[in-house]
Amino acid sequence: MTGHKVQSQSDLRLKRTVVLVGMMGSGKTAVGRALSQHLGVPFLDSDAAIEEAAQATIAEIFARDGERFFRRRETQVIDRLLSGEPAILSTGGGAFLAEQNRDVIAQKGVSVWLDAPLPLLWERVRHKDTRPLLRTANPKATLAEIFRERNPIYAKAGLRAEVRARSSIEETMQTVLTVLKSRTDILEPAQ
């Protein structure tokens, strides 16, 4: 669930936890891991923390206990993870939809929306069966519907980083870093 603190490759110090939000397939986990390594801070994943606590996968929790139960646990886990030292936190695609989650993220950290275009998201998720919300007769249409519903909510994030189709994880991480540098309450030069 949590990565250990690694040697920073940066001359920057993280002052608040950065919470990556966005659609499934936007790169929250991959970019989050790269960013945490670059800044020398822990990487946290709310879905992994939930799975660890429940001893079940997200898909199993959805099937066994339902989405409402999962969302309640998700809120508790996000609040707990935000209470620790500054880190990079990757959240599930639906986490930011709950106003309670948005509020606690704004109070204790900063949200960064990884804004990826729909065709890129589809390309990344279409061959994976680990997405419970896409287990439908027409997963592409379902993804498009989720995208239309969620993007106005993701737009409420504190910061936005554009995810481009041909960008590597490293390039996307650098885009996020540039966005974070715009706020001195998040990143400051290391002493």
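Quick caveat, the model's predicted, so the values are computed rather than measured.

### Description of the confidence of the model for the protein chain
Averaged over all residues, the pLDDT of the protein chain equals 89, while 92% of them reach at least 70. This stretch, residues 1-6, has a pLDDT under 50; its non-local contacts, to residues over four places away or in other chains, come to 15 contacts.

### Some points on the packing of helix 3 (residues 58-82) against helix 4 (residues 99-108)
As a packed pair, helix 3 and helix 4 sit with axes 10 Å apart at the nearest point and diverge in direction by 0 degrees. Judged by the angle between their axes, helix 3 and helix 4 are roughly parallel. Residues Glu74, Thr75, Ile78, Asp79 and Leu82 of helix 3 form the contact with helix 4, whose participating residues are Gln100, Asn101, Val104, Ile105 and Lys108. For the contact of helix 3 with helix 4, the per-class residue count stands at 4 nonpolar, 3 polar and 3 charged.

### Some points on helix 3
Here helix 3 is 25 residues long, yet its end C-alpha atoms lie only 20 Å apart, well below the 36 Å a rise of 1.5 Å per residue gives. Restricting attention to buried positions, one finds in helix 3 the residues Ile58, Ala59, Ile61, Phe62, Phe70, Arg71, Glu74, Thr75, Val77, Ile78, Leu81 and Leu82. Where helix 3 is buried, its residues touch strand 2 (17-21), strand 3 (43-45), helix 2 (46-54), strand 4 (88-90), helix 4 and helix 6 (139-154).

### Details of the side chain of Arg16
Secondary-structure assignment places Arg16 in the loop between strand 1 (12-14) and strand 2. Here the side chain of Arg16 touches Gln107 through a polar contact of 3.3 Å, landing on its backbone oxygen. Those residues in contact with Arg16, other than ones at most four positions away along the chain, are Pro86, Ala87, Ala106, Gln107, Lys108, Gly109, Arg183, Asp185 and Ile186.

### Describing the pairing of strand 6 (residues 159-162)
Side chains Leu159 and Ala161 project from strand 6 onto a buried face, and the interleaved Arg160 and Glu162 project onto a face without burial. Here strand 5 (residues 109-115) runs beside strand 6; their pairing, made up of 4 bridges, is parallel. Bridge pairing links Val112 to Leu159 in strand 6.

### Here we look at the environment of Leu89
Within the element layout of this structure, Leu89 appears in strand 4. Linking Leu89 and Leu20, residues 69 residues apart in sequence, is a C-alpha distance of 6.1 Å.

Calculation rules
- Residues numbered from 1 in each chain as written.
- Predicted model: local features only at pLDDT ≥ 70, side-chain atom pairs only at ≥ 80, totals over all residues.
- Heavy atoms only, no water.
- pLDDT = per-residue confidence, 0-100.
- Contact = heavy atoms within 4.5 Å.
- Axes fitted to C-alpha atoms, helices over the stretch in contact; angles between N-to-C directions.
- Helix = DSSP H or I, 4+ residues; strand = E, 2+ residues; numbered from the N terminus.
- Parallel < 35°, antiparallel > 145°, perpendicular 65-115°, else oblique.
- Nonpolar A, V, L, I, M, F, W, Y, C, P; charged D, E, K, R; others polar.
- Expected span 1.5 Å × (residues − 1).
- Buried < 20%, exposed > 50% of the residue type's maximum accessible area, 1.4 Å probe, protein only.
- Polar contact = N/O pair within 3.5 Å; in protein donor to acceptor, adjacent residues only side chain to side chain.
- Pairing = 2+ DSSP bridges.

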